[in-house]
Amino acid sequence: MSASTAKPLLSLKGISKSFPGVKALQNVHLDLYPGEIHALMGENGAGKSTLLKVMFGAYSADEGAFELSGEPVSIRGPVDALHKGISMVHQELSLVPQLSAIQNIVLGWEKSVAGFIDWSAARREALAALARLDFQGNPHVPVSRLSVGQQQTVELARAIAANAKIIILDEPTASLSTKESEKLFSILRELRADGHALVYVSHRLAEVFDLADRATVLRDGQYVGTLLRGPDLNETSLVKMMVGRSLEDFAIQHEATLGAVALKVDGLARNGVFQNVSFEVRRGEIVGMAGMVGAGRTEVARCIAGADRIDAGSVSVNGKALSLSSPSDAVRAGIAFLTEDRKHQGLALRMSLAKNATLTRVPTRMGFINRTKQAADAKSALASVGARMPTTRLAGQLSGGNQQKVVLAKWLLSGCDIFIFDEPTRGIDVGAKAEIYALMRDLADKGAAILMISSDLPEVLRMSDRVLVMREGTLSGEVARAEATEERIIAFASGGNTWQS
Ligand SMILES: Nc1ncnc2c1ncn2[C@@H]1O[C@H](COP(=O)(O)OP(=O)(O)OP(=O)(O)O)[C@@H](O)[C@H]1O
Ligand SMILES: [Mg+2]
């Protein structure tokens, strides 16, 4: 389908939207054609989620107009949007945690026959949508018990089951493994072939080149331009449009100087989750941990961080075995755990950035909070993770990626020197990613020990001095930096290779 001959399904004309103190969108245009995948690109805070929420009726625009198939319409709210054939997969998952996958999908969706909802038909359709997405979890238990990746799948199943012509996806692959993402892409391509219009946000450029027919770029709430698939849609031009300048290749040439063993994990097990996990991380070292989603990586990290009970084995710091009965025991031993799930990692959404960033270590002076130092500490920690914004802003008012940076800043100020990063750049824009990589290397150079869990193989290869691979609850391999390739890691992660040391 060529965009030039078809009529747009949905047109946004001159959309503006402000929040107190922030012009999130200014005079933005967007046309969506049937049978296209349209990428929406931009740095953290550029206005992508805001624009999508305006399209879905979750926010009302201050100015601007909508047309559906050429007819002027207003979208009065998400339910109205669904009626008009627009559905959305949110960046921050929006499922009801106590309800099952099936209940979440069926929720609020009108499959009424003469006023009655045909629940068994609705349930059947929910299961069919889950099956289409290869959902591996239990569709009957509360979704809070599912992994983040599985919850994301449920969220998408809900959009697909609603049978909407326009599907809006806000960073759908952020918490998916490579395999899960590929499955998602094949579904998106099917939907495109069926004539759906898809808008899609991602910070992973490779995905965009792979999938998108067109890419629209926003910067500071303003429309920068739209690129058509072809030679013009390339990394240099996209990055330049997003960041406003070219980025040098920030590959880090580096030889780590290794110090003493800081973290030692010996025969660690949690019943039914993972077994016999042993490894060491030295000062100055970044150890990558790769594996499929569900291989048990986060679960190992949670045990080291005192969040889950350990059933066997030990965790030692500086040669001393720890007794871990809560996360504060781990923090006291110097272990910081930056979780993948930013909604639950202790951002106080109604508090300022200054307070959030200094939560682990509030600067005091004669018994009182030293507000000047608090603001200064927060400001420098935030700047070092690429978040340059007033520290008086509330955490809840930040974009998803910028919230992630605040969490990073908080742990930088904690005084910890052993860091476990779980998907550290999930949802982080291309410019800030470079800053976070440099920051991790700098921490290691200053004597910190870093364990980095990541599903992003280029990131694992770029950052790790050594790569551990997990598969089905055990360590399935270890690869030295010099021998690390995507193929070798995937082989260990998928069972195509067995342990070699
Ligand atoms: N509810 C809100 N209240 C106040 N300000 C907000 C709110 N939601 C978003 N903003 C602000 O609007 C701007 C755009 O945010 P938005 O979430 O649309 O960014 P984004 O492009 O989706 O970024 P990311 O890649 O980090 O998800 C940011 O400055 C953000 O802080
Ligand atoms: Mg966003």
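Since we're looking at a predicted model, the values are computed, not measured. (Residues numbered from 1 in each chain as written. Chains lettered and ligands numbered in written order. Predicted model: local features only at pLDDT ≥ 70, side-chain atom pairs only at ≥ 80, totals over all residues. Heavy atoms only, no water.)

### With respect to the overall build of the protein chain
Okay, so step 1: Of the regular secondary structure elements, the protein chain holds 16 helices and 24 strands.
Okay, so step 2: When the backbone C-alpha atoms are referred to their principal axes, the protein chain occupies close to 70 × 50 × 50 Å.
Okay, so step 3: Residues counted as buried form 53% of the 501 residues belonging to the protein chain.
Okay, so step 4: Sequence separation of 24 or more characterises 66% of the internal contacts of the protein chain that already satisfy a separation of 6 or more.
Okay, so step 5: Counting 56 positive and 54 negative side-chain charges, the protein chain places the averaged centre of each group 6 Å from the other. (Helix = DSSP H or I, 4+ residues; strand = E, 2+ residues; numbered from the N terminus. Buried < 20%, exposed > 50% of the residue type's maximum accessible area, 1.4 Å probe, protein only. Contact = heavy atoms within 4.5 Å. Lys, Arg positive; Asp, Glu negative; His and termini not counted. Charge placed at Lys NZ, Arg CZ, Asp CG, Glu CD.)

### Remarks on empty space enclosed by the protein
Okay, so step 1: On inspection of all chains with the given rule, the structure shows three cavities of 30 Å³ or more.
Okay, so step 2: Put simply, the largest cavity is a space of about 150 Å³.
Okay, so step 3: Residue lining of the largest cavity: 14 residues in total, with A174, R204, T425, R426 and G427 positioned closest to the centre.
Okay, so step 4: Residues belonging to the lining of the largest cavity are distributed by class as follows: two nonpolar, five polar and seven charged.
Okay, so step 5: Two domains each donate at least three residues to the lining of the largest cavity, and these are domain 1 (10-243) and domain 2 (259-334 + 416-501). (1 Å grid on protein atoms, 1.4 Å probe; cavity = no way out; pocket = protein on both sides within 12 Å on 5 of 7 lines; lining within 4 Å. Points joined across faces, edges and corners; volume = space filled by probe spheres on them. Nonpolar A, V, L, I, M, F, W, Y, C, P; charged D, E, K, R; others polar. Domains from an automatic or database assignment.)

### Comments concerning the side chain of K433
Okay, so step 1: Here K433 is to be found in helix α14 (residues 430-445).
Okay, so step 2: Buried K433, no salt bridge; nearest opposite-charge side chain is D456, N-O distance 4.2 Å. (Salt bridge = Lys/Arg side-chain N within 4 Å of Asp/Glu carboxyl O.)

### Digging into the packing of helix α12 (residues 371-384) against helix α13 (residues 400-412)
Okay, so step 1: The interhelical angle for the contact between α12 and α13, taken along N-to-C directions, is 120°, at an axis separation of 8 Å. What the angle tells us is that α12 and α13 run oblique. You can see that α12 and α13 cross each other, and the crossing is right-handed. On α13, the residues touching A381, L382 and S384 of α12 are K405, V406, A409 and L412.
Okay, so step 2: In the contact of α12 with α13, the residues fall into five nonpolar, one polar and one charged. (Axes fitted to C-alpha atoms, helices over the stretch in contact; angles between N-to-C directions. Parallel < 35°, antiparallel > 145°, perpendicular 65-115°, else oblique. Left-handed = near helix turned anticlockwise from the far one by under 90°.)

### What about the pairing of strand β14 (residues 274-282)?
Okay, so step 1: One ladder, built from six bridges, connects strand β13 (residues 261-270) with β14; its direction is antiparallel. Bridged to K264 within β14 is E280.
Okay, so step 2: Connecting β13 to the antiparallel partner β14 that follows it, the hairpin turn spans three residues, and G272 within it adopts a positive phi of roughly 75°. (Pairing = 2+ DSSP bridges.)

### Brief notes about the environment of L191
Okay, so step 1: For L191, the location among the structural elements is in helix α6 (residues 178-193).
Okay, so step 2: Classification of L191 as buried rests on a relative accessible area of 4%.
Okay, so step 3: Each C-alpha atom, one on L191 and one on K355, is 45 Å from the other, the two residues being 164 residues apart in sequence.
Okay, so step 4: Once residues lying within four places of it in the same chain are set aside, the contact partners of L191 are R132, I160, I167, H196 and L198.

### What about the packing of aromatic side chains?
Okay, so step 1: Going through the model one piece at a time under the given rule, you end up with two aromatic pairs.
Okay, so step 2: For the pair F19 and Y59, a centre-to-centre distance of 5.3 Å together with 75° between the ring planes defines the contact as edge-to-face. Linking F19 in strand β1 (residues 10-19) with Y59 in the loop between α1 (48-55) and β4 (63-68), this pair joins segments that are 40 residues apart in sequence.
Okay, so step 3: Taking the centre distance of 5.9 Å and the plane angle of 20° together, the rings of F419 and F421 count as stacked. (Phe/Tyr/Trp six-rings, centres within 6.5 Å; stacked < 30°, edge-to-face > 60°.)

### Here we look at the domain arrangement of the protein chain
By a frequent convention, interface size equals the accessible area lost on bringing the separate parts together.
Okay, so step 1: When its domains are assigned, the protein chain resolves into domain 1 (10-243), domain 2 (259-334 + 416-501) and domain 3 (347-415).
Okay, so step 2: One C-alpha centre belongs to domain 1, the other to domain 3; they are set 31 Å apart.
Okay, so step 3: The partner domain 3 presents seven residues to the five residues of domain 1 that form the contact.
Okay, so step 4: Summed over both partners, the interface of domain 1 with domain 3 comes to about 400 Å²; 44% of that surface belongs to carbon and sulfur atoms.
Okay, so step 5: It is V22, N44 and G45 in domain 1 that bury the most area against domain 3; as a group they hold 69% of the surface buried on that side.
Okay, so step 6: For the pair domain 1 and domain 3, the interface holds zero salt bridges. (Buried area = accessible area lost by both parts, 1.4 Å probe.)

### Let's talk about the pattern of salt bridges
Okay, so step 1: All chains considered together, the criterion is met by 23 salt bridges.
Okay, so step 2: The partner of R189 in a salt bridge is D210, with the nearest N and O atoms 3.6 Å apart. Within this pair, whereas R189 is found in helix α6, its partner D210 is found in helix α7 (residues 205-211), the two being separated by 21 residues in sequence.
Okay, so step 3: By relative accessible area, which is 43% here, D210 ends up partly exposed.
Okay, so step 4: The partner of D213 in a salt bridge is R192, and the shortest N-O contact between them spans 3.0 Å. Of the two residues, D213 is situated in the loop between α7 and β11 (214-219) and R192 in helix α6; the sequence distance between them amounts to 21 residues.
Okay, so step 5: One continuous salt-bridge network, built from bridges that share partners, spans R76, D80 and K84.

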